[in-house]
Amino acid sequence: MIIDTHCHMYNSEYEQAEEIIRQCNDNNIFMILNGIDKKSNEEILYLAEKYDNVYAAIGYDHSTVDKITDDDLLLLESQLQNKKVVAIGEIGLDYYWIKENKDKQKKLFENQLLLAEKYNLPVIVHSRDAVQDVYDILKKYNIKGSIHCYSGSVQMAKEFTKLGFYIGIDGPITFKNNKRQKEIVKEIDNNYLLVETDSPYLSPEPKRGEKNTPLNLVYIIDKIADELEIDKEDMSNILTENAKRLFKI
Ligand SMILES: [Zn+2]
């Protein structure tokens, strides 16, 4: 079994999401689908109920800050009671596109971190051009989780692991010109590495340019194994165990 710890394999992103999920099931590929808003959260809960190889991470991401109400947070809290929910995600801060609403983004992020603490759930964190703020906020809470598609410095990655956070590695590690993720897998403790596709985005080599799916997870695992000079099977087992430990799967 291998586990894609972060992807968006649902109907609003794919015409044939369920067919791909079934194909993954045939190949013993499990996945944690990540929501970003009310609609995707609901789609994910539906798929997680229906398929054994699907787990749910639900939450409201930075793009929803102007829409999410207190009632929506109550809705999320009630949805967290579903047994297939293994994390709150993806949630976080993104200053790449919008910088004017930092305070609003932080508030939405922290409201969901409070829920994670209350229900003892890990969080899956999106951080783009916001690594220091994300770190300063996570430090205040007693929670674990993953920093998905990590793109910060090696030093900062080490600081996150000290807080109990895992580092999500995805397609870019297979790109020739991407040095950062290659450096990170070598520098941090193997027990804090997670593998993810972020489908439909970030297709790894040799599928670059195509729409990504969890079926491509193996290319990322093999590349991590290559970089660390570890047997591919052993690497795969380490990554699966890490995901199982963090998400209590
Ligand atoms: Zn994502």
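Provided above is the structure to which this section pertains.
Here the structure is a predicted model, which means the values were calculated and not measured.

**Focus: the coordination of the zinc ion**
Phase 1: In the first shell of the zinc ion, the protein supplies H6 (NE2), H8 (NE2), E90 (OE) and D198 (OD), at 2.1 to 2.6 Å from the metal.
Phase 2: Owing to a relative accessible area of 5%, E90 belongs among the buried residues under this scheme.

**Remarks on the packing of aromatic side chains**
Phase 1: Counting across every chain of the model gives four aromatic pairs.
Phase 2: Plain terms: the ring middles of Y96 and W97 are 4.9 Å apart, the flat faces sit at 90° to each other, and that makes the pair edge-to-face.
Phase 3: Consider the rings of Y150 and F160, whose centres lie 6.2 Å apart with planes at 80°: the pair is edge-to-face. Residue Y150 is located in the loop between β6 (145-147) and α6 (154-162), and its partner F160 is located in helix α6; the two are separated by ten residues in the primary sequence. Accessibility assignment for this pair places Y150 and F160 in one class, buried.
Phase 4: Put simply, the rings of Y135, Y150 and F160 touch in pairs and so form one group of aromatic residues.

**Digging into the sheet that holds strand β1 (residues 2-7)**
Phase 1: Spatially, β1-β2-β3-β4-β5-β6-β7-β8 is the arrangement adopted by the eight strands of the open sheet, whose pairing is parallel. Unpaired on one side and paired on the other, β1 and β8 (193-195) mark the two borders of the sheet. Along the sheet, successive strands turn relative to each other by an average axial angle of 30°, direction set aside.
Phase 2: Relative to strand β4 (residues 85-94), helix α4 (residues 102-119) is tilted by about 160°, and along the sheet it contacts β4 and β5 (123-128).
Phase 3: The strands that helix α9 (residues 232-247) touches are β1, β2 (29-34), β4, β5, β6, β7 (165-169) and β8; relative to β8, the one it contacts most, it runs at about 100°.

**As for the pattern of salt bridges**
Where side chains of opposite charge bring their charged atoms close, a pairing between them can arise.
Phase 1: In total, this model carries 14 salt bridges according to the counting rule given.
Phase 2: Here D133 ties to K106 by a salt bridge, and the two come within 3.4 Å at their closest N and O atoms. Separated by 27 residues along the polypeptide, D133 in helix α5 (residues 131-138) and K106 in helix α4 bring together distant segments of the chain.
Phase 3: The class for D133 is partly exposed, based on a relative accessible area of 21%.
Phase 4: A cluster of three or more residues bridged by salt bridges with shared partners is formed by K186, K223 and E227.

**Comments concerning the side chain of H126**
Phase 1: Structurally, H126 is set in strand β5.
Phase 2: The buried category is assigned to H126, whose relative accessible area is 15%.
Phase 3: There is a polar contact of 3.0 Å between the side chain of H126 and the side chain of E90.
Phase 4: Polar contacts involving the side chain of H126 include one to the side chain of D94, which spans 2.8 Å.
Phase 5: Once you skip the residues sitting within four places of it in the chain, H126 turns out to touch H62, E90, I91, G92, L93, D94 and H148.

**Some points on the pairing of strand β3 (residues 54-58)**
Phase 1: Most of β3 is tucked away: five of the five residues are buried.
Phase 2: Here β3 shows no split at all, with V54, A56 and I58 on one side and Y55 and A57 on the other all buried.
Phase 3: For β2 and β3, the ladder comprises four bridges, and the chain directions are parallel. The residue bridging I32 from the neighbouring strand is Y55, located in β3.
Phase 4: Read from β2 through helix α2 (residues 38-50) to β3, the crossover connection turns out right-handed.
Phase 5: In this structure, β3 lies alongside β4, joined through three bridges in parallel fashion. Looking across to β4, one finds that A56 is bridged to V85.

**Some points on the environment of D72**
Phase 1: As for its placement among the helices and strands, D72 is situated in helix α3 (residues 70-79).
Phase 2: Relative accessible area serves as the criterion here: at 8%, D72 is assigned to the buried category.
Phase 3: The residues touching D72, leaving out its near neighbours within four places in the chain, are K38, Y60 and K67.

**Details of helix α1 (residues 17-26)**
Phase 1: Buried within α1 are the following residues: A17, E18, I20, I21 and C24. Seen along its axis, α1 keeps its buried residues to an arc of 160°; they face one direction.
Phase 2: Of the surrounding elements, those touching the buried residues of α1 are β2, α2 and β3.

Rules behind the numbers
Residues numbered from 1 in each chain as written. Predicted model: local features only at pLDDT ≥ 70, side-chain atom pairs only at ≥ 80, totals over all residues. Heavy atoms only, no water. Donors = N, O, S within 2.8 Å, 3.2 Å for Na, K, Ca; no water. Buried < 20%, exposed > 50% of the residue type's maximum accessible area, 1.4 Å probe, protein only. Phe/Tyr/Trp six-rings, centres within 6.5 Å; stacked < 30°, edge-to-face > 60°. Helix = DSSP H or I, 4+ residues; strand = E, 2+ residues; numbered from the N terminus. Pairing = 2+ DSSP bridges. Axes fitted to C-alpha atoms, helices over the stretch in contact; angles between N-to-C directions. Contact = heavy atoms within 4.5 Å. Salt bridge = Lys/Arg side-chain N within 4 Å of Asp/Glu carboxyl O. Polar contact = N/O pair within 3.5 Å; in protein donor to acceptor, adjacent residues only side chain to side chain. Right-handed = clockwise from strand over helix to strand, strands pointing away. Arc of directions from axis to C-beta.

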